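Chain and residue survey
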Amino acid sequence: MRWNEMSKERQFVMLTLISTEIALTATAVVDLWFRPRDLIRGRKELWWPAIFVQPVGPVAYLVWGRGRRSPE
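Residues numbered from 1 in each chain as written. Predicted model: local features only at pLDDT ≥ 70, side-chain atom pairs only at ≥ 80, totals over all residues. Heavy atoms only, no water.

Observations concerning the overall build of the chain
Assigned secondary structure in the chain consists of 3 helices and 0 strands. For 72 residues, the compact-globule formula gives about 11 Å, and the C-alpha radius of gyration of the chain, at 16 Å, lies well above that figure. Along the longest, intermediate and shortest principal axes, the C-alpha atoms of the chain span 50 × 25 × 15 Å. Among the 72 residues that make up the chain, the fraction classed as buried is 26%. Per element, the accessible surface of the chain, about 5,700 Å² overall, is 64% carbon and sulfur. Within the chain, one finds 11 positive and 7 negative side-chain charges whose respective centroids are separated by 3 Å. (Helix = DSSP H or I, 4+ residues; strand = E, 2+ residues; numbered from the N terminus. Rg over C-alpha atoms; globule rule 2.2 N^0.38 Å. Buried < 20%, exposed > 50% of the residue type's maximum accessible area, 1.4 Å probe, protein only. Areas by Shrake-Rupley, 256 points an atom, 1.4 Å probe, with all protein chains shown as cover. Lys, Arg positive; Asp, Glu negative; His and termini not counted. Charge placed at Lys NZ, Arg CZ, Asp CG, Glu CD.)

Structure representation (structure tokens):
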């Protein structure tokens, strides 16, 4: 189905889902980039490709991949 053939409601839903997916992926990428290795569950090198498996990769990293930050 082409974009201009979709109803306005379906276009709105698609844009919402796409925006959410981009935001989750960007958040996961930034977090993985700056988070120290000792605060990541598993190997950092393996999380990089996993993040780009849509739509579950970024969610999996944000839920299970991040370790707890130590209190400062």
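A closer look at the packing of aromatic side chains
Going through the model one piece at a time under the given rule, you end up with 2 aromatic pairs. With 5.4 Å between their ring centres and 70° between their planes, Trp47 and Tyr61 make a pair best called edge-to-face. One end of the pair, Trp47, is in helix α2 (residues 44–51); the other, Tyr61, is in helix α3 (residues 56–65), and 14 residues separate them in sequence. Under the relative-accessibility criterion, Tyr61 is labelled buried at 0%. (Phe/Tyr/Trp six-rings, centres within 6.5 Å; stacked < 30°, edge-to-face > 60°.)

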